[in-house]
Each structure stands twice: as C-alpha cells, then as structure tokens.
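Results of the structural survey
If you want the building blocks of each chain, they are given just below.
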2 protein chains.
Amino acid sequence: MKKFVYAFEEGCKELKSLLGGKGANLAEMKKIDLPVPEGFTITTEACNQYYVDGKKISDEIITQIEANLVLLEEKTQKKLGDANDPLLVSVRSGAVISMPGMMDTVLNLGLNDLSVEGLTKLTENRRFAMDCYRRFIQMFGDVVLEIPKYKFDKVLDGKKEICGYESDTQLTAADLEEIIEGYKKIVSSEKGFDFPQEPKEQLMMAIEAVFGSWNNERAIVYRNYNEIPHNLGTAVNIQSMVFGNMGMTSGTGVAFTRNPSTGENKLFGEFLINAQGEDVVAGIRTPQKIDELKDALPEVYQQFVDVSAKLEAHYRDMQDIEFTVERGSLYMLQTRTGKRTAYAAVKVAVDMVDEGVIDKKEALMRIAPSQLDQLLHPTFEPAALESAHLLAKGLPASPGAASGKVYFHSADVVKAREQKVKSILVRTETSPEDIEGMVKAEGILTSRGGMTSHAAVVARGMGKCCVAGCGEVKVDEENRIFRIGDQIFKEGDYISLDGNTGKVYSGEIKTVEVGLTGDFAKVLAWADEFRTLGIRTNADNPLDSETAVKFGAEGIGLCRTEHMFFSDDRILNVREMIVASNKVDRVKALDKLLPYQKEDFIGIFKAMGSRPVNIRLLDPPLHEFLPHKDEEISALATDLGVDFEVLKSKVESLSEFNPMLGHRGCRLAITYPEIYEMQVRAIIEAAVYCKEELKIEVHPEIMIPLVGHLKEFTILKKLVIDTATETLKTLNAEVVYKVGTMIEVPRAALIADEIAKEAEFFSFGTNDLTQMTLGFSRDDSGKFLDEYVKKEVFDKDPFESIDQNGVGKLVNMACELGRQSNPTIKLGICGEHGGEPKSIEFCHKTGLNYVSCSPFRVPIARLSAAQAAIKNKDQ
Amino acid sequence: MKKFVYAFEEGCKELKSLLGGKGANLAEMKKIDLPVPEGFTITTEACNQYYVDGKKISDEIITQIEANLVLLEEKTQKKLGDANDPLLVSVRSGAVISMPGMMDTVLNLGLNDLSVEGLTKLTENRRFAMDCYRRFIQMFGDVVLEIPKYKFDKVLDGKKEICGYESDTQLTAADLEEIIEGYKKIVSSEKGFDFPQEPKEQLMMAIEAVFGSWNNERAIVYRNYNEIPHNLGTAVNIQSMVFGNMGMTSGTGVAFTRNPSTGENKLFGEFLINAQGEDVVAGIRTPQKIDELKDALPEVYQQFVDVSAKLEAHYRDMQDIEFTVERGSLYMLQTRTGKRTAYAAVKVAVDMVDEGVIDKKEALMRIAPSQLDQLLHPTFEPAALESAHLLAKGLPASPGAASGKVYFHSADVVKAREQKVKSILVRTETSPEDIEGMVKAEGILTSRGGMTSHAAVVARGMGKCCVAGCGEVKVDEENRIFRIGDQIFKEGDYISLDGNTGKVYSGEIKTVEVGLTGDFAKVLAWADEFRTLGIRTNADNPLDSETAVKFGAEGIGLCRTEHMFFSDDRILNVREMIVASNKVDRVKALDKLLPYQKEDFIGIFKAMGSRPVNIRLLDPPLHEFLPHKDEEISALATDLGVDFEVLKSKVESLSEFNPMLGHRGCRLAITYPEIYEMQVRAIIEAAVYCKEELKIEVHPEIMIPLVGHLKEFTILKKLVIDTATETLKTLNAEVVYKVGTMIEVPRAALIADEIAKEAEFFSFGTNDLTQMTLGFSRDDSGKFLDEYVKKEVFDKDPFESIDQNGVGKLVNMACELGRQSNPTIKLGICGEHGGEPKSIEFCHKTGLNYVSCSPFRVPIARLSAAQAAIKNKDQ
C-alpha cells in the first residue's frame, strides 16, 4: 500500500517532492525539536492520484487521512467537533515549488454550532469563538464552496451599518451570531444544502478544494510563466490551529534570519500582538519591528532568536520564517529559504563562506546569475523615486536608470554631449544611423519595437538604459516633440527612464552608481576558480572593450566591423565604395577607409592588450549602408557627385527580397575581395603598430562570416593570408594571427569536419543560426510571436535562450565533427545566447572553449559558467 | 617497372582508364582482327608522371617509347626518317572521357628533308610528298612549337598570289618546296632553332605537346563545364600513317552503325574519295553518302559493312567510326559509342532489346534521362526553322516551341484565347498575378530574370515554352510594344520562341507535336518494372493533373493551394479576407472562397481518381496577395469599400524584411486558424462529393507546411482532424485521409523523430530546405551566383541538383529519425529536385517512398528512378 499521508514526525526536508515545500519544512522543524503545532501532510502523489481517479479522493487515501486524524486527536488530546475541547485545524496547500498566493487555504476548520461552544469554554471568550466561526464559514464558503465573497461582505457590512459600527471590532458576540445565521442562509440558498456541520465532511471538502486549486486558472498561468511543470501536484497540510489573537500574550509575525535587502546578518522582520496571520497581510494595523518583541515578550523573543539561529544553522541558508505566539508559547508555522536582492544574495553568500557555514561552490550556486544585472547598472535612489511622476510604461529593454534632456535626433544628442548636457534619445524606432546618438545619450526611449528591436539589442550591447516599445509615447521627430495623452514634451525637457521596469518618469531623478567591487568582486573571483569556460566579450570599440575588461572579459569574441562604418566621418567613403562602378574606384574609396579602420583596431588592441581579439570581417549586405528615401539619395548623389538616377538605380539594384539570406558575409568578399583585403591590411597594420610602437603583443583572430561551403572559406582564407603576408613583408614585421569562421549557416554545421581542416577556430553565431535553422526572421517574427508564446509552441524564446533541441543539436554536431578532424580547433559562441545562463550551461556541456557576450553580461557569464562547471561535475 | 607504353595488340577496351578512349578502342579493334594501322599508346599514367616530374618525360618512359618504336618499325618494316621507305606516324591525344577538339594532334610525323624523298619514291608522287611535308611543318609549328598559324598562311597565300593560283591544288611540287623553305625560315626566326630534322626528336616534342595540351586553357574550361576530373591525364597514340589522299582508290570517311538522329538500324555516314580526314572536317568538298561507297569501291564498301556489323555486335551499342582507305585497303582509325538524339537513343535501345543484343536493364541505363525532355515538348519543324529570322537569344528557361501573337497583359492573353488566337505573353518579368495569362499563352518571353525566375519556374511547372532573361528585348508594357535594337514589335505581331535554345524568332513557325507513345512508352514501362521509387507530380489544377497522369504519375505529391487564390474571380475575396480587421469578417470572406476551393479540389480529384493527392495548405505570406503600388491599393480600397489610408497601412504592416523567414506556412494558421479550417472543409466536402456523386474513392493527404516545432504540428493536426470530423459528421459521410507535414525548415529535420510520432507522412520541401540550410535566398542569389559558379564554390547549383553533402545530410537524418519513431511513415520529396536525375538517385539511396516533380518531368523521373534502382542493386 502506497503511503499517501505522513504525520509531521514521519517527514523530513528531503521528502520535499512528496510533501511539498511547506510540509517538508514543517516535518524538518519537528525533527529538530522546534515547537511546531501537530499535524500531517497529504502527499503530492495523492493529488495526482485524485486527478487520475477523475477528481475523486480514493477510499485508500481517505482511510489514511482518517487514521492520521485519529493520531492527531490523540497527540493534541482534542477531538474534531468536540463540544468541550475541539480540535481546530488549518488546511493549507503546499507545492514543491513555491507558488505564493496561487492556491487556497482554509483556517479554523472543525468549527460548527457545537464546537464553537467548546471554543468559547476553552478561551473563555465567546466573542473570539464566534468571530472564528464567522471567519471560517466565510473562508470555507469562498474557497471550498466557491460562493462569491461579496455576498458575505454584504451581510457583515449591513450589520455594521444598522448598528452604526465603524470597525469589525465593535461587533459583539451576539452580532456575530446573527451574522453567522446570515452566512448560513447564503450557503443554503447558493448551494442548495446547509453549511456542513460534520467536521470530517468539512475536512474532506477542504482537501478536495486544495487539490482542485492546483489546476485553477491563475495557478496554471503562474506555472507557465515560471516554467514549473504541470504534473507536480500539490501536497495538503493539515495542522492543529494555534491562535495569535488570544490576547496580549499572543501574536504573530514574519522574520528573515538576515536582512533580505542588504544581506546584513541580523534578524529582520515584523510582528503584531494579538493578531492572526491574515491581519499582518491585510495591513490594517502597522506591525512592529521584530526587535521590539524583546520588550513585549522577552522570553518569547529570546526563544525566537534561538530558534532562528538554529534554523539557519540547520538549513545553512537565510530563512524566511512565520511564527505565532499563543498565550506566551511560540509556535513555528513555516520556514523556507528567503528570497533576497542581488546585493543581499552576494553578501549572504560571502558572509556564510566567511562564517564557515558553506563552501565557495555552494555560495556560487546560491546566486542567481540573472540577478547580477542589478549590480551593474545605475538605479534610481529609492527616496527620489518615491516622489517621481510616472508618465508611461514600455518594455524594460535594457537595464539601468537614466535622466536627461529629451533629444530627437542623433546629431542633437552629440551636440548636447559636447556641452556636457545629459540627454535621452527619443525616437519612434532607432536605426544604425542613430548609433552615435545612442552612444552619447544617457538612455534611449522608443515608441515602437520589442525586446529584440534595434534599440533594445544595441542598448543592451552598450549596457545603456533603454525603454522600448512604449506605445503611449507618440513621437514626432520632425517637430521635435512627443505626446503622452494630452501632455506635450519638447526638446530639452527632462525625463527619466528606468530600464529595469520600463517606466518613464517626468523630470530628473537622482541615480546611484554601482560597480564590480567588494563582495561582488570576491564572488566573481571564486567563479573564475571553478569555471572551465572562457569568457569573452562582444565589443566594437575601445570603450566597450575597456568596460568588458573591467568586468573580467578574457578577450573579444566578436568585434563587428560594420558598426565602425556608420560614423559621420566615414559613411560617405563607405557609400562611395559601394556605389563604385568598377574595382579601381572601389579600391580608391577603400583606401580612404583604411586609416580609419586601422585607428579602430589600434584603439581596441590597446584596450585588450595581449588578450585575443576576434574580428569579424564585414558582414551586412551593402544596401544597409545606403539611404533609401529619394531626398536622401538625392543628397548623397550631390555629395558623391553622381547622377541621381544612377544612384537610385544602384540603390534599387542592391535591394533584396530576403537580405538575411542575401548578398552578405563572405559572399560580399567572393564578389568584392578588395573589401576584406582592406580590412585585413588595417588589422595587420594596427597589430604591427601596437607591437612595435606600444610594445603590446596583440593576438588578432580574423573571422570570416557566413561560410556555408568549404570553398568559400579556402578562397577567403587564402586572401587573408596573402594580404597579411604581403602587409607584414612591406612593414618588415611579424604578427601571430589566427584565421577561422563563424558557424551560423546550418550547412556549415553539417560540414564542420571539412571546414575544421582549414579553420583555426569556429565561433557559433547563434543569432543567425537560430534564424536559419528555425526559418524565423527576428525582424518579422514580432507579428506572430505573441500567438506562439500564448500557444506554447516554444518552451522559451529561442532568441533569448538557445534552442537546445534544434539549434543545439547542430552546435553539438558541429563541435563533434570539428574536433574529429581538428582536435586543436578553438570553439566559441558569440550570439546573444553567450550571456544567458541556460545557454551558457549548454555551452559548457557541449565543451566549447569560451562564450562571448556583451560587456555588461560578462559577470553573469562568469558566474553562470562556474555554476555550470560545479553542477555538471557533481552530476 | 611500371608499364607506361602499350602496343595496340597488348591493350583492350577494358584498359580505357589507362589507354584513353581512342587507344583502348584501337587496341580492341586490333584484338578482334580488324584492319588497324600498327601503333602503340603511351598511358595516361605517363601523362600524370610527366606533371609529377615537373613537365619532363622521364628516362624510363623514353626508354619504353623507344622500345615500342623499334617494334613498330619491325612490324611495318619501315624506318622513321628512312630515305627509301620512311615510317610516318600520327601523334594523337586520347583522353578517358572524350573531349572533342580540346587537345592536339600531329600528322605525318617523321618527315624531314631526307624521308620526304623516300615518300616520293614510295608514292611515285613528288607533289604528294611535298604537300605532306608542308602540312607537317605547319601542323608541328602550330601545335608543338606554338607559332601563330597566320604566319604560315601568309607564306602559302603569298605564293598563290604571286603565281595567280586560286586553289591549293594548283601548287606544284616545286612551289611546295619553296613554301617548305619559307616555313623553315619562320621556325628558325620564331624559335631561334631550325625545324627539327631528327624524327625521334620530332616525336618526343610532339608527345610532350600532347601531354601539355591536357592543361591548356580550353581543355580546363571544357572539363570544368562537363564536370570531368582534372587528374585523369591524357594518353598519346602513336600510329603508323595511312593516306586517304593517294588517288581514286583511296579515301576517308565517318559513319554511324545506325542513324544517330532517328535511330534507324542502317549505316549512316559520309566519305570523300582521295582525301584526308582534315578535308572532311574543313568542309571544302561536299562528302558523299556512305551508300555511294558501294558504287565507288564495292569491295571496300562490303568490307566496311562487315566491319561495322562486327563492331556493333562486339560493342553491343551503336558505333561512331572513322576509317581511311589507302589504295583499296580499308583501315579503321577510331570507333566509339555514337552520340544520338533522344529519339534515336530510345529507338536504338528498344531495337537492341528486340534484337536480343542487350537486356532491358542495359537499355534503360543507356538513355540519358535529361534528354527525354526533347520528346515531350513540341519542336519547330526543322525545314521551317531554316528560313526563320532570328531576333534575339535569351535563357532556355522551359523547353518547347511556340508561335503566337504578342500580348503584354495577362487579361489580353485570356481574351485572345477566348477568340482562339494563339498568343505569346511578353513581359519584363512575370508575377503571380500573371498566372492566368501564362496558362492561356502558348509561350512566355521575359526580358529579366534567370533560370529560376518566376516565369521560368512556373513555365517549367506547366511544361510551357519559356524564354527568360532575354536582355535584348526592351519591354514597354504600358505602350504595349517591345523593342529589339531599332525594331519595334506591337501587340498582335507574330513571334516564335524556342524554349530548348532560348532563341526568339520573328513570325510564325510550324511546330511538330510529340508524345509518350511507341518506343518511348515501352521504355518507360520497362522503367516501371525496375524502379522502386514512386513517382508523383506537383500539380495545382485539373489540366496539369491530367497531363501528369498521362505521363505516368502515380499521385500528386504537392498541390499548392495558393495558386488557386490568384485568379480574377476570387482574388478580391482573398484580399477581403486578408484585410479583415477581425475574425468575423475574415470568416465571412473565407466562406465566399469555400465554394471555389471545393471546385478546385473536385477537379483535381476527378483527374487523379483513386491516386493519392497531397494538398499543401496555404503557405505564402499574406502580403503576396496584396497590391503594393499606391494606384493599385487605391483601386482595391474602392473595390473593398475601405479607406485608402487604412488599406495602405495594412499593406505596410504586412510587409516583411525577410518574407522567406516570415509569417507564412503553418505560422499563418497558428494566428488565423480559420484559413486552414476553410481549406480542410473544402477538401473534405470535395472528397465526399467525389465519393458519393462520382463514385471515386479519393485519397487526400493534408499537408501542413513550414513546421519547425512539434507543437505547431500537433496544434494544426488537431485543427485538421477536428474540422474534418465535424464536416464529415455534418455530411454524414466517411472519407479516409492522411495528415502530415513538409520538412523544409532545418529544425524540422533535426527533430524529425518527434514529429514522426504525430505525422503520417513527411514531404521534403527541398527548395526551402536548401534556402534555409544554405542561408541562400533564391530570389537574391542572382547577384552573386555568377561569381560562385566561376570560383567553383558549388559543385553544382544547389537549387538544380540537391546539395547531397549539406541538405542531403539533413534529409538522411530526418528519414532515419522519422522511421525510428514511426516505421510506417511515408517519405517523399516535392522540391524541384524531385525531377532531377542525380537528386532522384539520392532519393532512391536515402530510401524515400516517392519523388514528386512537375508533370513534364514525370517520364524523366520514371527513367531516373529505374536507373537508380539498377545501379544501386548492382553495386
């Protein structure tokens, strides 16, 4: 016979999957002799069985419940429904993974017309007993019988109005008896049966309600949102009631063993004298700080301090504890691991290692990598935020907090910056032409575009605060205003953005800077001891490179050269090169770009020192660099001194149906080898300069993008080597460099063995690899992604966390094939997945050498990589 | 010691890879006692060794050549350079795979100032001997010494002018001696050394020249074009000369053992009396038909007839023979398998089976599937074509021949057809809106677009003649004219198109129709006996379906439903559906489309009978159905009764950056399930109608496109089954149908095991699978494909022949995974590759159940499938 019911003393914390979190911890507290009211837990398996049996509690389970009830009555020496000394119980759900507020609870169960008299005698307080009975009927009516709550409220409020009471406390025992009668009538008329007087019937109905609540709508939504499996089931805890509302020596409270905001090692919590738990939650009375319990009930306080210490020592982590004091006796009702801020998480972990409670590994495993973001970006001062005026809410596209004057054009932001004016760039949406403004602004606000829009992606890359897709904001770039409802904001007006929440405020709000110091730095240093994955960064300029090094990047995994082409001083030469009708003119334009590119690389090499720098040669289709509107084309025609019609037809001839799958990446260089030749020359000349003039031994890695066929790679590898060799010969110098490729076209993964024979490294470009493997354009998927998420077609957004089942298979295959034919090949990833914890674990398991992510995700990647190493070593 | 030289009597046809085609066949003829002038062959290995040794003939090889030369002198009883009876030889290249005209030949080698006297004595003809010597110096000068030919011509022509001769034959022996002196001077001044008099030196230089010719530019280009490996090398044949120009009992000729045009079993060829081979080629004199040799040299003729019969019987295939008669003696100089037209190929194969020479398998293996196209499309009458006026040449986009009046708009073509006027649709390029005109026209001419342009793909699908990308044609649709140079063609003018050559003619040219009858039908019936692959067709309408059935299609592998949406009578409802702002309006518009769709399917089911019909639910992105120009949008707004701005913004909101990877296929149905619901209802209602009213037991297979995630499939499979079940219930009927998916997104191939658990069939959509796996948009690749082909990045165009190394791996993987989890799953292919022989062999080896191709490729597919089965059984 399967065991479906465990008395608390039979359980322990290791049985969490069977007893749920609450049940397991109650049992555990019992085990270590803490004062826990008696009770028992019905297992999650019983819940699942209930659904298997077609929403029926089987006889077997009922028998076990009844047996445990008998034991409970023996232990408490009370009897359910007893007219003298009745046993009252709470019935609480308790899932394996906490789902706060998602499921139902019934208190004071066991009260009926008879036992309420017993409670009266016992407490010598008729009003108290009647109030309990009244509350029980109401809660039972709501939770178990599913009668709308307002019907009960109407009776209660009616009585109060008739009597002229302002507060519930003015109700007398007689009033309450009258209300109870009213409640009973509601039950009869709503359900067609009387309020159940038989306590066992009450109990069974309550258990069934808890089982049922596992699949109520909000619970399902919550599980979907939090990625909790639907087949876990909930346990049910039946526990003898204790009352915090039995007078001035009773009370109830909640406390953390350490401060969950700061991590300070000091009890932190609140309590209320003469109150039940629901009173704390309801917030009618202001609770007192836990320290004050010392004055109110000194013995109880000391006992609670001891219990807290014992609990934390036992669980070896900060605990979140619920307790009740009944007439001077302390009872523990719940303990669990306390949720904490990132700051507290880091401090608690470090402190506990210092205290010798846990080791470094455990400390590392306790910090959620995704939380670290909070520690890297400025936030608003909490006090200042309280008085701020909220204007609108968009998507929290890139974390941080920023205040500044509104500007609508990149050039204006640049001008403002020159005058040391802080600015916010506000646009309908951003495009590559806005890059400089984005760099110089404190924050970016767009009215269109999602979490993967240009603004969002670029801002996250820069670690810059961004609120995207804020539909309430109507931007009129031409007139340099935006509207929110009837309000109009002009250029130069102050606004503030919170990139963590997506909120937009009016005026200036003070921010607090944070950084990689103290405990945070310590934790990341520990992470470095355990991780085996290298951590590089995606950076295209010296500033980002410096930031990344500060955050611990060990190299650049992806330096996109196209971003360098957009700045005002060179875009004209780029366009000249594109528009050139023959190779001679093209080379002429490229020659003008060479000094700029060389400067770019010198800047980056200086920032990175001897760390490897992986430079991707030009990737985007050329039309991305050209204007598309007639007036812009006309202006460009004038600038370039060419005919408008000729230029327009050139622009048109370059336009593509599917640019994603078009003339880009290495395909550009097969057609126009001179572009890559210029870039390689710039890289090598920069490297030689750094080596000879600055005495920096740089390690450039030259990466050819979008390879799908071996021959593409061999042709361009030869071009790279020939160009480099020639350049070095001319300069009479030597530089060590590597040549490798992106794996981003599915075919490349399939023939990785062939390519690996020629390539010194692979870098998985999982952004494009995902787009092609899934046949999913990131730019277009917004139109149907909502529906896909709603219908759960994806487990997760494949652009956020790598699609292990699909794209992951290709990555695995490519790694295996690649290493087979070239055991020394270096394998890395440079898609945005490189900064996402689950994807990092995948990369660790796949055996990549490194991940590369945006500078502000480097600390997250370091921690994630350590966790992956620890987790997968233990397994 | 490796054997680098084989006397003819030492070789045989099986040594072709060593002796080359010519050498092996000379040896073989010798073996079966045919009159072959003595000689020997230097192997292809010697050629390769020559390159290995840095373009030097090794001593070892020289020794073997000299030894064979001694033997040759013994056999012929002549001596190289002899003053009385000199041995003269030809030096000819002979590759393993014939490369006609690509490499060099030297005749009359061995002549010098001394031996020319010997030749004079021997032939008693001083003029003849001097002419041979003159020719030899000229040929040797050109081929071996690489002196420009015109220099020799200048001497010859100068002499003729001085003497006032009109023809070479007027030159006397003395004239020729003078010319020889002139030639020798050219050699001395050009090369700095005298013309080599030592015959062995001549021979070695000639052999080296032949080796060198293996890697001359035109040979390399030829091999690239014909996909011949570059490492085969060429053999060199040294053969004792015979002379067809020794008077009226001498001659030379070329003959086929059967007619290479018609296949008729009758000697077919030409000869010239008193001539050498080069005279036949030069075309100065008109050759006589081979029959006439009977009158000229009756004994020689009878001997040749016997030899031809013996050769064909020995080789068991039609032979292409070169021969020379020297003073009444017949000599065989070459035999090889004769090239033939498709018609002849079929007839010869069938005849030879009837004659008991070969069996059916061999007959099938001898017909090139790609040739069959010729037998399925009309061609111009050869006589009529001779007098036709060529206007321009475009790409031979879709085979066939067509004449008709020029129309520029689909609607005009339709009107012309109604009046029984044959028409040619001429457009800059076609779009889906032109479909009806394309159906009703005899042929299609476009000035833009390549072999995979819309016009080309659709025309091939229809088996309709199409010349695409004819740049010389400047189309002005608005004014209904086109220009070619200065000529203007108006609407209603007659033109003719040859889809096999891409040629455009003025006026009307008579065509000949061909069909699947007689020997052709017989061969295909044999193919059906051997093939294991099923052959289906891609057809979207009853006409195509009927054509395909006539050609032997066993079902429809892909019925694209979107083409049905474009015709004038329904496109408005389609647009109404797309523009609908809510589900109610959308369903209303879909309800109007339902009867049309039902009619479509009834028509197709009627054509296909009980054969399976695989219907793909709507696939393209919705914006493909909408107009994009302001004036068209405006017209549509009026038609639909909506506001222009609203419609325009709808059109814009649907536009996509990468439509290929956008909101299409099953993604449409996840968002708008009602579209597929309508289609499924139409399919089921049509099936029920056919079953109940027409007594046809139809077998619809409902295919969900673009699936990449399991959940997409399960959601839509449920929708299909629910809709079908409800429809059948309403009609109180039963219909057996299948539900499956396209595998066209790479991810689908990677998770084929998951999908196969739910799907009854997979159909590989290799067009899209190729685009996504290679990251290659077909619409855009034109811009760089040229460069890719030139630089040999591809072995073959991956859109023509399946990329076995990349896409093929995915297909293989998906088949294996799919069968693992669903052993009864049906696997097919419906990309354009389904009609390409190499791809069909791949499908056979992969174990697919069927291939599906356009109707006109069904016969090709049947034959290819048979060949694949035969080839892979034998291996």
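Calculation criteria
Starting afresh in each chain, residues are numbered from 1 along the sequence in its written order. Each chain is given a letter, starting from A, and each ligand a number, starting from 1, according to the order in which they appear as written. Under the rules for a predicted model, residues below a pLDDT of 70 receive no local features and side-chain atom pairs below 80 are neither given nor counted, while totals for whole chains, interfaces and linings still include all residues. Side-chain numbers come from the whole structure's heavy atoms, not from hydrogens or water. Aromatic pairs are defined between Phe, Tyr and Trp rings, using the six-membered ring for Trp, whenever the two ring centres lie within 6.5 Å; interplanar angles under 30 degrees are classed as stacked, those over 60 as edge-to-face, and all others as tilted. Summary of the burial criterion: residues with accessible area below 20% of their type's maximum are buried, those above 50% are exposed, and those between are partly exposed, where the area comes from a 1.4 Å probe applied to protein chains only. Only Lys NZ and Arg CZ are tested; either one counts as a charge over a ring when it is within 6 Å of the ring centre and within 35 degrees of the ring normal. A pair of strands counts as paired when DSSP detects no fewer than two bridges linking them. Only runs of H or I of at least four residues qualify as helices and only runs of E of at least two qualify as strands under DSSP, and these elements are numbered from the N terminus. To define axes, lines are fitted to C-alpha atoms, for helices over the stretch in contact only, and angles between the resulting N-to-C directions are given on a 0 to 180 degree scale. What makes two residues a contact is simply this: any of their non-hydrogen atoms within 4.5 Å. What counts as buried area is the accessible surface, traced by a 1.4 Å probe, that two parts surrender upon association, with contributions from both included. One side-chain nitrogen of Lys or Arg within 4 Å of one carboxyl oxygen of Asp or Glu is enough to make a salt bridge. Here is the rule for angles: anything less than 35 degrees is roughly parallel, anything more than 145 is roughly antiparallel, 65 through 115 is roughly perpendicular, and the remaining ranges are oblique. Take the far helix as the reference: if the near one is turned anticlockwise from it by less than a right angle, the crossing is left-handed, and if turned clockwise, right-handed.

**Some points on the packing of aromatic side chains**
Residues and elements named next belong to chain B. What the rule picks out here adds up to 42 aromatic pairs over all chains. Ring geometry for F762 versus F764: centroids 6.4 Å apart, planes at 80°, classification edge-to-face. Of the two residues, F762 and F764, neither departs from the other in class, the shared state being buried. Here the guanidinium or amino end of K550 rests over the ring plane of F551, the centre of that ring lying 5.8 Å away.

**Things to note about the sheet that holds strand β26 (residues 534-538) of chain B**
Strand pairing within a sheet occurs via backbone hydrogen bonds; the two strands may be parallel or antiparallel. Residue and element names in this part refer to chain B. What the eight strands build is a closed barrel, ordered β26-β27-β28-β29-β30-β31-β32-β33; its pairing is parallel. Across the sheet, the axes of successive neighbouring strands diverge by a mean angle of 30°, strand direction being ignored. Note that strand β32 (residues 826-829) and strand β33 (residues 850-853) share two bridges and pair parallel. When the sheet's bridge partners are listed, I829 is paired in β33 with V851.

**Structural notes on the interface of chain B and chain A**
Each side of the interface is counted separately: chain B has 50 residues, and chain A has 50 residues. Summed over both sides, the interface of chain B with chain A buries roughly 4500 Å², with 57% coming from carbon and sulfur. Of all residues in chain B, L661, L750 and K783 of chain B bury the most surface against chain A, accounting for 13% of the area lost on that side. The tally of links between chain B and chain A comes to two salt bridges. R747 of chain B serves as the salt-bridge partner of D803 of chain A, at 2.6 Å between the closest nitrogen and oxygen.

**What to know about the environment of R560 of chain A**
Residue and element names in this part refer to chain A. With respect to the element layout, R560 can be found in strand β27 (residues 556-560). Sequence separation between R560 and D540 is 20 residues, and the spatial gap between their C-alpha atoms is 5.6 Å. In contact with R560, not counting residues within four places along its chain, are N538, A539, D540 and R616.

**Notes on the packing of helix α6 (residues 149-163) of chain B against helix α7 (residues 173-191) of chain B**
All names here are of chain B. Their axes nearest at 10 Å, the elements α6 and α7 cross at an angle of 150°. The angle between the axes of α6 and α7 places the two elements in the roughly antiparallel class. For the pair α6 and α7, the sense of crossing is right-handed. From α6, K151, F152, V155, L156, K159 and C163 reach across to α7, where they touch D175, E178, I179, G182, Y183, I186, V187 and E190.

Note that all results are geometric; they support no functional claim without further evidence.
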